Amino acid sequence: MKYYLIVGEASGDLHASRLMLSLQREDPEAEFRFYGGDLMASVGGTLVKHYNELAYMGFITVLLHLPTILKNMKMCKRDISAWQPDVVILVDYPGFNLGIAKYVHGQRQKTNSLKPKVFYYISPKIWAWKEHRIKNIRRDVDELFSILPFEIEFFEQKHHYPIHYVGNPTREEVDEWIKEHGARSMEHDTSPHAKTIALLAGSRRQEIKDNLPAMIEATKPYAGQYDVVLAGAPSIPEDFYQPFVEGTHVRVVHNQTYQLLSEATAALVTSGTATLETCCFGVPQVVSYRLPMGKAYGLLRKWFVKVKYVSLVNLIADREVVPELVANTFSMEALKYELERIMPGGDAREAMLRGYDEVRQRLGSQCAPDEAARLMIKLLKHNQV
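Worth saying up front: this structure is predicted, and the values here are computed from it rather than measured.

Description of the sheet that holds strand β9 (residues 226–232)
Stage number 1. Judged by pairing direction, the sheet is parallel, and its six strands sit side by side in the order β10-β9-β8-β11-β12-β13 without closing on themselves. Looking at the sheet topology across the chains shown, the edges are occupied by β10 (250–254) and β13 (324–326). Neighbour-to-neighbour, the strand axes of the sheet open up by a mean angle of 25 degrees, direction not taken into account.
Stage number 2. Relative to strand β12 (residues 285–289), strand β11 (residues 264–269) runs parallel, the two sharing three bridges. Looking at β12, one finds that Ala267 is bridged to Gln285.
Stage number 3. Together, β11, β12 and β13 form the strand contacts of helix α15 (residues 332–342), whose direction differs from that of β12 by roughly 165 degrees.

Digging into the environment of Thr275
Stage number 1. Structurally, Thr275 is set in helix α12 (residues 273–280).
Stage number 2. Along the sequence, Thr275 and Val310 sit 35 residues apart, while their C-alpha atoms lie 9.7 Å from each other.
Stage number 3. Leaving out residues up to four positions away in the same chain, Thr275 has contacts with Val269, Thr270, Gln285, Val287, Ser311, Leu312 and Val313.
Stage number 4. A polar atom in the side chain of Thr275 sits 3.4 Å from the backbone nitrogen of Leu312.

The rules behind these values
- Residues numbered from 1 in each chain as written.
- Predicted model: local features only at pLDDT ≥ 70, side-chain atom pairs only at ≥ 80, totals over all residues.
- Heavy atoms only, no water.
- Pairing = 2+ DSSP bridges.
- Helix = DSSP H or I, 4+ residues; strand = E, 2+ residues; numbered from the N terminus.
- Axes fitted to C-alpha atoms, helices over the stretch in contact; angles between N-to-C directions.
- Contact = heavy atoms within 4.5 Å.
- Polar contact = N/O pair within 3.5 Å; in protein donor to acceptor, adjacent residues only side chain to side chain.

Honestly, it's all geometry; don't read function into it.
Next comes the structure, spelled out in structure tokens:
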């Protein structure tokens, strides 16, 4: 069968490449064509457009690059129509992908055809914002594959839209890494047995600017006892970090986030997938998301953000397993206090680790790409009957 995949960022490239490998095992004659990245290209098929040409984030940035975005979308639509795949698989990236889903659905209506089907792998996070997109999903997406267990209740009970929970790839990737690597010293670590505090300050420049200085300040009391290490984000050049860490007790490592977490005693983390990775490694953490206009955000949050928590750990547990210092609840004093509580001997450390066990149980043990591939092919074959 012919599979057309679309991703818009590095994490999508990773998850889609693993899905492609699983699809190949289930369907040895699989053909791939995609908007994607290097990892997908290494699996095989035709890379039509690299995600580096698509990854525009933020209202102003999107506005400035709108002609390019529209050109890429038009090209993608034409390419799908010309190649005539059996299925278009969308991976996150809803601003672009929901537009493609609408187009494919419309073309099927015009031609009275059953294909290509539209499958969404790693569903849009409409439970957090832009919930109105459920109308587009219900109309344009044939099957939705979720990697977060709490999405079942949101889509099926609240919106009566059936989905497939296939397991969580982050848990699987961490478990595979631990099985393969175990815990060993990071490259260039001159003190391999040093106790470590990990800093994961985000993957975007503004996040890093807003959060890293506070993280560094909060770890000063531990500088003599602990090796404080910052995980450099793949999309951020090394020299960007220098003004923040120069003359401090903090060192930076690149492309070693899992190794860092495997050795960490505790961590300060911004929200996002990093909170779940930290949980899966069993590292107590404080979630810190400082914003320049924190108080204003706190007042407006209830109107725009539809969830109680910002970290995936707490969203999956449906309770506060890890402390979240976000916008108006952030303060330097609170960050230092919560870090102290999760350090060895701290009064919150053991309870957090027990909460992590609960999160792992809720995630389940399925191999997400394998489960998704099996279901996708079964559904596509059924469609051909």
